[in-house]
Amino acid sequence: MRLRRNILRLIGGSMISILCVASPAFAQEDLAELSASGLLNEAAKNLAVENYGAAIPYLTRYLDLMENTEDDRVVALKQVVRLKLGKISAYLDDSFSAVNYLKQYTQTLPCYRPREAWKLLALNLYESGQVELCIAAATNALSRPLPKGLPNQSKAVKTEELSKDEMGGFTARQIKRIEEEAAKAGEDLSQGISGDVPDAEPDYTVEELVLLKMTLAEAYSQLENWEASIDPYEFVIENASAEDRRGYAIMQMVNSLIELEQFDEAKKFIVELYHTNARYDIRVNMALMSAAAALYAEAEYDSSLMLYRMVLPRSNLVAYQEDQINALRRSAGLPRVDIQISTNETGRIETLFGNKSSDLSQTVSEFSEGLPPKPIALVEMEESVGVLLALPSYEEDVLFRTGLLFARAGRPWEAVTALESVADRDPDGERGQEAFAEFLMILVDPLEKYALAEKRGKQFLSTYVAGLGPRRVAHALTRSYQKQELWKEIKKLLPVIEQFASSTDSTVLQYECELYYMQAIADMVLLNYPSARAGFERVLIDYPDSHQQESATYWHAMAQLFLKNHKEAFDEFESYVATWPNGSWLPSAAFHSGVCLFGMERYDEAHVRFTQVIEAWPNASIYSDACSMRGDLLASKGMLNEAQRDYEEAIATARLPRQATYAVFQMTALFDLEERYDEILVAVNAYLDRYGDEADVAKAAFWIGKTKIAQGRIVEAVEAYHEAIVKYGGNIRQDGVDLILSELVNVSGRLLENDEREALKKRLRTSLQESDNVTLQLRLRVLLASMEGTVIELGKQLISELDELEQAPPPVLSVICDASFEQEDYSRAAEILNIFQTRYEDSDFMRAALKLRGFGLFSAGEYDEALKVASETQALYGTDPSAVWAQIMKGRIELQKEEFDAARKTFRAVLSVREWRGEPYAEATYYLGQVEEKSGDPRKAFGWYQRVYFQYKGYANGYWAAEAYLTSARCLEQLGLKNDQRNTFRAMLFDKYVNQLPQAEEAKTALGAAEVLEITTLLLQGTQTNWVVTLDAEGAE
Amino acid sequence: MNRNFCILILLAAAAFSFGSEQTTAVGAEGNSTLSKSELRAMEQQLETITDPAARLFFQANIERAKGDPEQALQTLSKLIVHHAHSKKWIARSELMSAALYIQLGMLDAADVTARQIQALYEGTETAEKATVLRAEIEKLKESVE
């Protein structure tokens, strides 16, 4: 029975196949009236003439009709129908229906074509966006599923075993022919429908595998399962025959590897892509840009650059596509075309394909000419060109990014070419200006084309004042000037910056803040501390909470410190420390607050602060400075051993030559106090060995010379000094040379014989003649004048010679000050003192500048300012004889203000300082007389005045004694002691120290000609007198 | 006979003008040592070249031969940036760019360029030349240090 059933099935199926092949196509009949076989028949007829869509209703109706039929044969037929419907739906791009039928097919037995079914299912699941199911289907397909029949399904029929009835009137030979014909028929849509068990399903072809793997890989990519996508993409790359598919797969592989951050692997595939024509694929171009952007974001500049350079401009892509299109058209028997672009009435860009032979302004429909229909591939290609041309422009963006990448990758000339190109094409636009700013930055660094950058930058700034562009360009120019250390040029940009149109954009404001910050820094470098302070204030006030908030706060405090506003600077440093407990300037702020305490003479607190810094930040750059400062404090307290330890630590940990320089020479001064000359030599030579050309060699030469002098090696020392002056004296910053000048004057005067001194002067004059360095010449002139006692004359010459004083080293400035002082010319006093305070604040030669300034202020009646200068002098020089003027000036100011008690105390203090013996005593005693006189006690005043001409007539060429004679006479007049007054005048004229001075004229006038003659005659006769006027009661103490 | 002879002449002339764009006076990476006559010939030839990439390459060669490597590099950069897809000229331009960077003492830029050439043309003669350049750069860097 079963056998019979099988034979009947075979014969019936074959008959249907034959009938389907043989029967002509009929018109569609009412589906409901058709039998099952009729439905299959009609479907088969439509399939045979490739009218696939028309076959669908028959096939679906068959399935509905046979829904509940369990007969094996029918079940098998239904499966065939399902597979057919799946294939037809796929062909007609109805993915959803295809998926539906194919799913049913794969989930139902018998399933004789599982591979084909799973393959189609996977493709259509992808098309319909069911990506996860697609993956499952593709995986199933690739597992090479085997066909599955129904349970207990019989095998092939043996015709010799069939009865006559079972053979249905066919002979054995006829049945065999039917079987062969059924077996030969291929598996395509046009094939008839048979429920017979087909032959074993063939394995996938390479192309099918490529398609499956591609689908699988794309599905994984959509789910962002990059790892899983790698293998299938690799398969496609290795096996795809179509170059465009292979190229696309490479591109997708690159994307996956980028996502997996396997940049080295990605780079290998990028290189592979570079050498294919896949670049002409529009999708690949779009994907290239995305991948390039991702690599850029990961700082993989090499790889990103390669990708961007592969992106083709639209014109190239269109040209390539045009060639491809025309190749397809030729093979399809269609005329070639030119691709034209037009804009329709709604403004939408349309791509038109005009025949090459026709007028370019017209397009002709191919179908109106009766041409063959276009292949689908051609239609798709034309559509993709349309999409391409409708895309927004990307070429400028690619060129800009390429420029940036060339710069990042370290190919500056390529970078400037690309960026300049972008800028030239869009000079007014945001992108163009951004490109211009980048272009400028590269010209500055690394190309160092400063002149060109300046020229182009200034041109730009003269045209544009609004937006980010001008700020960025100003920033580039500032950076350029910074690199060249042209700080004054930076300052010239300030008015330009201040003219920029205001903006509220945060990026614009950030750049603006940075520009003003850089301006303030330039002021600091130029030692223009008031402007620097104002500049940092501007940053803090106008750009609150900016990226420079912390630094501007710190530097504002530093500007205060440089302006010697110690209190304000201290408060600001303390505020910084509190606000930024982990700030980058923290160690430095703490150290400088200690410096402020030092400046405020709060030495104990300063000591504590420096110790805190030393303990807290042993690795900070200011550690060495803190050791030196604490060493200074210890030395001032006489703790020399402890001070030495701090200096040695400062030297050992110095990171900069200046740190070591300071500590070394502080320590040598300490050794000098104790006459430890060998240790001086050891320390200085070690310093020179370590720092070589970076050392302060002049200062080292000074100390070495000093040591030699102490050791009695005078000539050697003098020669070494001369050599050092000539070698280093041309450098204005070599203040060690200035020390040598002073020492040489001192040594030559004290220790050299006349002939040695003259020989030295001769050598110095020769050096002067041979030099063409202005600074060295000035130094040598000062040295010679000092040795010859003609400093004032030289000073007067220099006043008229030098309009600009910035090239004058400290000794020269000092000489100018002395000469100016003598002429009572205070016009440049402020300027000179400012130069000292900003450039040479540690120079010993600043004394003369302070004195000139102090007297200048005093003579102008600016007593408070004069007092400040005097106080500063005393703070710096203490009881040094050169600083006594400050004490006396203080007293004179107090006297002017009628602060008599204070003035009395101040002048008395002069008389208690041994170092000030001599003229200062005479002057101070005189002013004590002034104090008493102005406070209304002429008797006391007289006592002081008398002391002056009794005890100090030998000082200052008798000046103070002469003055005192006159003022004492005045006092006697006030007291009504006319006779004593006359005697005082007579004593004055008898006093040889004063009788030739101008003040004597007043005495002569008072006495009259007869008495003057009498005195003169007596003097000529050799008469000496001892006129003494004594007053009763309280006199001079 | 005369007609054949004329055809031959014309063919020879055509071959010459075609071959001129691939003149042997310029090596694969540009020749920096040209005689005056060669230089003149190149300048004359430049007038006849219409391919923009070729023009730039030749111009760069001329500038280099005149002893202006910086200008040559600027000219070459235009080729590299704007004609990156010119297969005929891009490889040799990149090599010449690396050589010019060396000449200008910009060894880091030269190394970057040569490295990119190595990666992009791996397995080819171009990559081998880039390897040679990189070795030269390495030696120069060592001598500077």
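Residues numbered from 1 in each chain as written. Chains lettered and ligands numbered in written order. Predicted model: local features only at pLDDT ≥ 70, side-chain atom pairs only at ≥ 80, totals over all residues. Heavy atoms only, no water.

*Asks:* How do you make sense of the overall build of chain B when you look at a structure like this?
*Replies:* Within chain B, the secondary structure is distributed over seven helices and zero strands. Counted from the first residue to the last, chain B has its helices and strands arranged as α-α-α-α-α-α-α. Of the roughly 7900 Å² of accessible surface on chain B, a fraction of 55% belongs to carbon and sulfur atoms. (Helix = DSSP H or I, 4+ residues; strand = E, 2+ residues; numbered from the N terminus. Areas by Shrake-Rupley, 256 points an atom, 1.4 Å probe, with all protein chains shown as cover.)

*Asks:* Help me understand the overall build of chain A in this model?
*Replies:* From N to C terminus, chain A includes 52 helices and two strands. For chain A, the proportion of its 1037 residues judged to be buried stands at 50%. Long-range contacts, defined as pairs at least 24 residues apart, comprise 59% of the intrachain contacts of chain A with a sequence gap of at least 6. Total accessible area on chain A stands at roughly 49300 Å², and carbon and sulfur atoms take up 49% of it. (Buried < 20%, exposed > 50% of the residue type's maximum accessible area, 1.4 Å probe, protein only. Contact = heavy atoms within 4.5 Å.)

*Asks:* Help me understand the confidence of the model for chain A in this model?
*Replies:* If pLDDT is low for a region, its predicted coordinates should not be looked at in detail. All names here are of chain A. Considering every residue of chain A, the mean pLDDT works out to 87; 89% of them sit at 70 or more. Note that pLDDT drops below 50 for residues 1-27; the model gives that stretch 44 contacts with residues more than four away or on any other chain. Ignoring residues within four places in sequence, the model shows residues 1033-1037, a span with pLDDT below 50, making seven contacts including any to other chains. (pLDDT = per-residue confidence, 0-100.)

*Asks:* Would you mind showing me how to read unusual backbone geometry here?
*Replies:* For residues other than glycine, phi is negative in most cases, and the peptide bonds are mostly trans. Residue and element names in this part refer to chain A. A cis amide bond links Leu 109 with the next residue in sequence, Pro 110, at an omega value of 0°. Position of Pro 110 among the secondary structure elements: in the loop between α5 (95-107) and α6 (114-127). Cis geometry marks the peptide bond from Asp 445 to Pro 446, where omega comes out at 20°. Examined against the element boundaries, Pro 446 turns out to sit in the loop between α20 (430-444) and α21 (450-463). We note that Glu 824 has phi near 55°; this positive angle belongs to a residue other than glycine. Relative to the elements of secondary structure, Glu 824 occurs in the loop between α41 (810-822) and α42 (829-839). By relative accessible area, which is 58% here, Glu 824 ends up exposed.

*Asks:* Honestly, the side chain of A:Gln644 in this entry has me stumped. Any pointers?
*Replies:* Position of A:Gln644 relative to the elements: it lies in helix α32 (residues 640-652). With residues near it in sequence (within four places) discarded, A:Gln644 still touches A:Met667, A:Leu670, A:Phe671, A:Arg676 and A:Glu679.

*Asks:* What should I look at first to understand the packing of helix α6 (residues 107-120) of chain B against helix α7 (residues 125-144) of chain B in this one?
*Replies:* Between two packed helices, both the angle of their axes relative to each other and the distance between the axes serve to describe the pair. Residue and element names in this part refer to chain B. Across the interface, α6 lies against α7 with an axial gap of 8 Å and an inter-helix angle of 155°. By the angle between their axes, α6 is roughly antiparallel relative to α7. Seen along the crossing, α6 lies across α7 with a hand that is left-handed. In this structure, α6 uses Leu 107, Asp 108, Ala 110, Asp 111, Ala 114, Arg 115, Ile 117 and Gln 118 to contact α7, whose residues at the interface are Thr 126, Ala 127, Ala 130, Thr 131, Leu 133, Arg 134, Ile 137, Leu 140 and Lys 141. (Axes fitted to C-alpha atoms, helices over the stretch in contact; angles between N-to-C directions. Parallel < 35°, antiparallel > 145°, perpendicular 65-115°, else oblique. Left-handed = near helix turned anticlockwise from the far one by under 90°.)

*Asks:* Would you mind going over the interface of chain B and chain A with me for this structure?
*Replies:* Bring the parts together and some accessible area is lost; that lost area is often taken as the interface size. Contacts between chain B and chain A engage 25 residues on the former and 28 residues on the latter. The three residues of chain B that bury the most area against chain A are B:His85, B:Gln116 and B:Leu120, which together make up 30% of that side's buried surface. If you look at where chain B meets chain A, you find four salt bridges. In this structure, the salt-bridge partner of B:Arg115 is A:Asp302, at a minimum N-O distance of 2.5 Å. Where chain B meets chain A, there are 12 residue pairs in polar contact (both at pLDDT 80 or more). Put simply, the parts of the chain that give the side of chain B that touches chain A at least two residues each are α4 (69-82), α5 (87-103) and α6 of chain B. Looking at which element gives the most residues to the side of chain B that touches chain A, the answer is α4(B), with eight residues. Of the residues in the side of chain B that touches chain A, the class split is 13 nonpolar, seven polar and five charged. (Buried area = accessible area lost by both parts, 1.4 Å probe. Salt bridge = Lys/Arg side-chain N within 4 Å of Asp/Glu carboxyl O. Polar contact = N/O pair within 3.5 Å; in protein donor to acceptor, adjacent residues only side chain to side chain. Nonpolar A, V, L, I, M, F, W, Y, C, P; charged D, E, K, R; others polar.)

*Asks:* Mind showing me how you'd approach helix α12 (residues 243-259) of chain A here?
*Replies:* Residues three or four positions apart in an α-helix share a direction because the helix packs 3.6 residues into each turn. Residue and element names in this part refer to chain A. Taking 1.5 Å per residue, 17 residues should reach 24 Å; α12 reaches 24 Å between its end C-alpha atoms and fits that length. Of the positions making up α12, those classed as buried are Gly 247, Tyr 248, Ala 249, Ile 250, Met 251, Gln 252, Met 253, Val 254, Asn 255, Ser 256, Leu 257 and Ile 258. Buried residues in α12 make contact with α10 (206-222), α11 (226-239), α13 (263-274) and α14 (282-297). (Expected span 1.5 Å × (residues − 1).)

*Asks:* I would appreciate a short explanation of the pattern of salt bridges in the present structure.
*Replies:* For the coordinates displayed, the defined rule picks out 67 salt bridges over all chains. Among the salt bridges present, the one from A:Lys483 reaches A:Glu448, with a minimum N-O distance of 3.7 Å. Of this pair, A:Lys483 sits in helix α22 (residues 468-483) while A:Glu448 sits in the loop between α20 and α21, placing them 35 residues apart in sequence. Using a relative accessible area of 32% as the deciding quantity, one classes A:Lys483 as partly exposed. For A:Glu448, a relative accessible area of 46% gives the class partly exposed. One salt bridge in this structure joins A:Arg763 and A:Glu719, with 3.4 Å as the shortest N-O distance. Placement of A:Arg763 in helix α38 (residues 754-770) and of A:Glu719 in helix α36 (residues 714-728) is noted, with a sequence separation of 44 residues between them. One connected set of salt bridges, linked through shared partners, spans A:Arg309, A:Arg411, A:Glu414 and B:Glu94.

*Asks:* It is not clear to me how the packing of aromatic side chains should be interpreted in this structure. Could you clarify?
*Replies:* Residues and elements named next belong to chain A. Tallied over the full model, the rule gives 37 aromatic pairs over all chains. Between Tyr 554 and Tyr 576, the aromatic rings sit 6.3 Å apart at their centres with planes inclined by 65°, giving edge-to-face as the arrangement. Of this pair, Tyr 554 sits in helix α27 (residues 549-562) while Tyr 576 sits in helix α28 (residues 566-579), placing them 22 residues apart in sequence. Per residue, the accessibility class of Tyr 554 equals that of Tyr 576, and both read buried. (Phe/Tyr/Trp six-rings, centres within 6.5 Å; stacked < 30°, edge-to-face > 60°.)

*Asks:* I would appreciate a short explanation of the nonpolar core in the present structure.
*Replies:* Note that soluble globular proteins tend to have their nonpolar side chains buried in a common cluster. Counting residues in hydrophobic clusters, the biggest one holds 218 residues, and the most contacted among them are A:Phe536, A:Phe573 and A:Ile725. When residues in this core are grouped by element, the largest group, nine residues, is from α5(B). Every residue in contact with A:Phe573, bar those within four places of it in the chain, is listed here: A:Tyr554, A:Ala557, A:Met558, A:Leu561, A:Ala589, A:His592, A:Ser593 and A:Cys596. One finds A:Ile888, A:Tyr921, A:Tyr949 and A:Tyr952 within the second-largest nonpolar core, a separate group that totals 45 residues. (Core = buried A, V, L, I, M, F, W, Y, C linked by side-chain atoms within 4.5 Å.)

*Asks:* What's the story with the environment of A:Gly583 in this structure? I'm lost.
*Replies:* All names here are of chain A. With respect to the element layout, Gly 583 can be found in the loop between α28 and α29 (586-599). Taking relative accessible area as the criterion, Gly 583 reaches 12% and is therefore assigned buried. Linking Gly 583 and Ser 551, residues 32 residues apart in sequence, is a C-alpha distance of 9.2 Å. When near neighbours in sequence (up to four residues on either side) are disregarded, Gly 583 contacts Glu 550 and Tyr 576.

*Asks:* What am I meant to see in the side chain of A:Ser128 here?
*Replies:* Residue and element names in this part refer to chain A. For Ser 128, the position within the fold is in the loop between α6 and α7 (131-142). Only 3.0 Å separates the side chain of Ser 128 from the backbone oxygen of Leu 125, close enough to count as a polar contact. Here the side chain of Ser 128 touches Gln 130 through a polar contact of 2.9 Å, side chain to side chain. The residues contacting Ser 128, other than those within four sequence positions of it, are Ser 95, Phe 96 and Val 99.

*Asks:* It is not clear to me how α4(B) should be interpreted in this structure. Could you clarify?
*Replies:* Look at α4(B): 20 Å from first C-alpha to last across 14 residues, which is about the 20 Å you get at 1.5 Å a residue. All of the buried residues along α4(B) are B:Pro69, B:Ala72, B:Leu73, B:Thr75, B:Leu76, B:Ser77, B:Leu79, B:Ile80 and B:Val81. Its buried side turned inward, α4(B) meets α15 (301-310), α18 (395-409) and α19 (412-425) of chain A together with α3 (52-65) and α5 of chain B.

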